[in-house]
Amino acid sequence: MNAQRKRTAILISGRGSNMRALIEAARVPSFPAEIVLVLSNRPDAAGLGFAKENGIATAVIDHKIHAGREDFERSMQVMLELHRIDYICLAGFMRMLTPWFVGQWEGRMLNIHPALLPAYRGLHTHERALADGVKIHGCTVHFVVPAVDEGPIIAQAAVPVLDSDTPDTLARRVLNEEHIIYPAALARLASGKVWIEGNRVFTGDPHKEAPPLRVP
Ligand code: GRF
């Protein structure tokens with residue numbers, strides 16, 4: 001096994017299909033990151049089962065039993081430090097993070113959002129895209145900054161919006177793309193070839209054009 005693999009934690013609150021895609025990708029020994037911890041703020045998060053079945057350490061830090069947001073985040077930070085985490089992937093983690101916590105993980109924490117940012121920040125992205133009549137929708141992996149659903153973009157994938165689409169069918173096609181770009185983005189980050197200038201993320205040799213991550 002590659003001793004240099006980056007120790008990565010996935011933070012979830014629910015289903016965990018992106019978590020699963022990341023775990024599956026990281027099974028390949030040459031993948032530059034290793035998933036060593038799945039942390040949930042909800043004891044009933046469905047994704048915890050898959051992580052346990054796959055021999056990955058799990059932790060529940062229930063926000064409801066903490067005095068406040070900072071208390072909750074300090075508990076998470078202790079757990080992350082205990083596991084010597086290099087990178088964090090937020091995957092359907094439904095808690096707002098304070099600037100303090102985000103600051104601890106600057107340049108080392110990714111999130112996946114089900115829209116082509118900067119369009120459709122926030123919730124109900126598929127419904128809103130359909131209501132606006134856009135013809136292209138998609139998903140984004142970005143670095144986490146204190147402002148919600150902002151931060152330098154590392155990967156995006158687009159899907160066409162079909163006349164027959166409902167929020168569910170559109171969500172499903174976007175989710176398929178999420179499962180492709182999230183592991184690809186983590187691999188890029190963990191390989192150490194990524195740097196950020198302003199809002200732009202660059203990869204590889206600065207004199208060569210990096211191949212796009214998923215523009216189907
Ligand atoms: C995904 O649509 C992701 O883009 C968003 O939350 C959802 C999580 O789904 N941030 P899952 O738990 O990964 O299945």
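Residues numbered from 1 in each chain as written. Predicted model: local features only at pLDDT ≥ 70, side-chain atom pairs only at ≥ 80, totals over all residues. Heavy atoms only, no water.

Chemist: Mind showing me how you'd approach the nonpolar core here?
Modeler: The tendency in soluble globular proteins is for nonpolar side chains to be buried as a group. Of all hydrophobic cores here, the largest spans 40 residues; its most connected members are I10, I23, I35, V38, V141 and I154. Per-element accounting of this core gives the leading share, 9 residues, to helix α6 (residues 167–190). Contact partners of I35, with chain neighbours within four places excluded, come to T8, I10, L22, I23, A26, I56 and L186. Judged by nonpolar contacts, the second largest core, of 20 residues, contains L11, V36, L39 and W105. (Core = buried A, V, L, I, M, F, W, Y, C linked by side-chain atoms within 4.5 Å. Buried < 20%, exposed > 50% of the residue type's maximum accessible area, 1.4 Å probe, protein only. Helix = DSSP H or I, 4+ residues; strand = E, 2+ residues; numbered from the N terminus. Contact = heavy atoms within 4.5 Å.)

Chemist: In this structure, what is going on with the pairing of strand β6 (residues 136–143)? I would like to understand it.
Modeler: Within a regular strand, the side chains alternate between the two sheet faces. In terms of burial, β6 is a largely internal element, 7 of the 8 residues being buried. In terms of strand pairing, strand β5 (residues 109–113) meets β6 through 4 bridges, oriented antiparallel. Within β6, the residue paired with L110 across the bridge is F143. Bridge analysis of β6 against strand β7 (residues 153–160) gives 7 bridges, and the strand direction is antiparallel. Bridge pairing in β7 places I136 opposite P160. (Pairing = 2+ DSSP bridges.)

Chemist: I keep staring at the packing of helix α5 (residues 125–132) against α6 and nothing clicks. Help me out?
Modeler: Think of two packed helices as two axes; the pair is described by the angle between the axes and how far apart they sit. Close contact between α5 and α6 brings their axes to 9 Å; oriented N to C, the two are set at 115°. Remark: the crossing between α5 and α6 carries right-handed chirality. Across from H126, E127 and L130 in α5, the residues of α6 making contact are P167, L170, A171 and V174. Of the residues belonging to the contact of α5 with α6, the class tally is 5 nonpolar, 1 polar and 1 charged. (Axes fitted to C-alpha atoms, helices over the stretch in contact; angles between N-to-C directions. Left-handed = near helix turned anticlockwise from the far one by under 90°. Nonpolar A, V, L, I, M, F, W, Y, C, P; charged D, E, K, R; others polar.)

Chemist: Any chance you could explain the state of the cysteines here in plain terms?
Modeler: One covalent bond between the sulfur atoms of two cysteine residues makes up a disulfide. Applying the stated criterion across every chain, the model contains 0 disulfides. This cysteine, C89, is not joined by any disulfide, and C139 carries the nearest cysteine sulfur, 14 Å off. We classify C89 as buried; its relative accessible area is 0%. (Disulfide = S-S within 2.5 Å.)

Chemist: Help me out: how do you make sense of the site of the ligand in this one?
Modeler: Near the ligand the following residues occur: R15, G16, S17, N18, G92, I112, H113, P114 and E178. S17 places a side-chain nitrogen or oxygen 2.5 Å from an oxygen atom of the ligand. Residue N18 places a main-chain N or O atom 2.9 Å away from an oxygen atom belonging to the ligand. Burial of the ligand by the protein chains amounts to 84% of its free accessible area of 360 Å². Counting only elements with at least two residues in the shell around the ligand, the list comes to α1 (17–25) and β5. The residue inventory of the shell around the ligand, partitioned by class, reads 2 nonpolar, 5 polar and 2 charged. (Near = heavy atom within 4 Å. Polar contact = N/O pair within 3.5 Å; in protein donor to acceptor, adjacent residues only side chain to side chain. Areas by Shrake-Rupley, 256 points an atom, 1.4 Å probe, with all protein chains shown as cover.)

So yeah, pure geometry; function would need other evidence.
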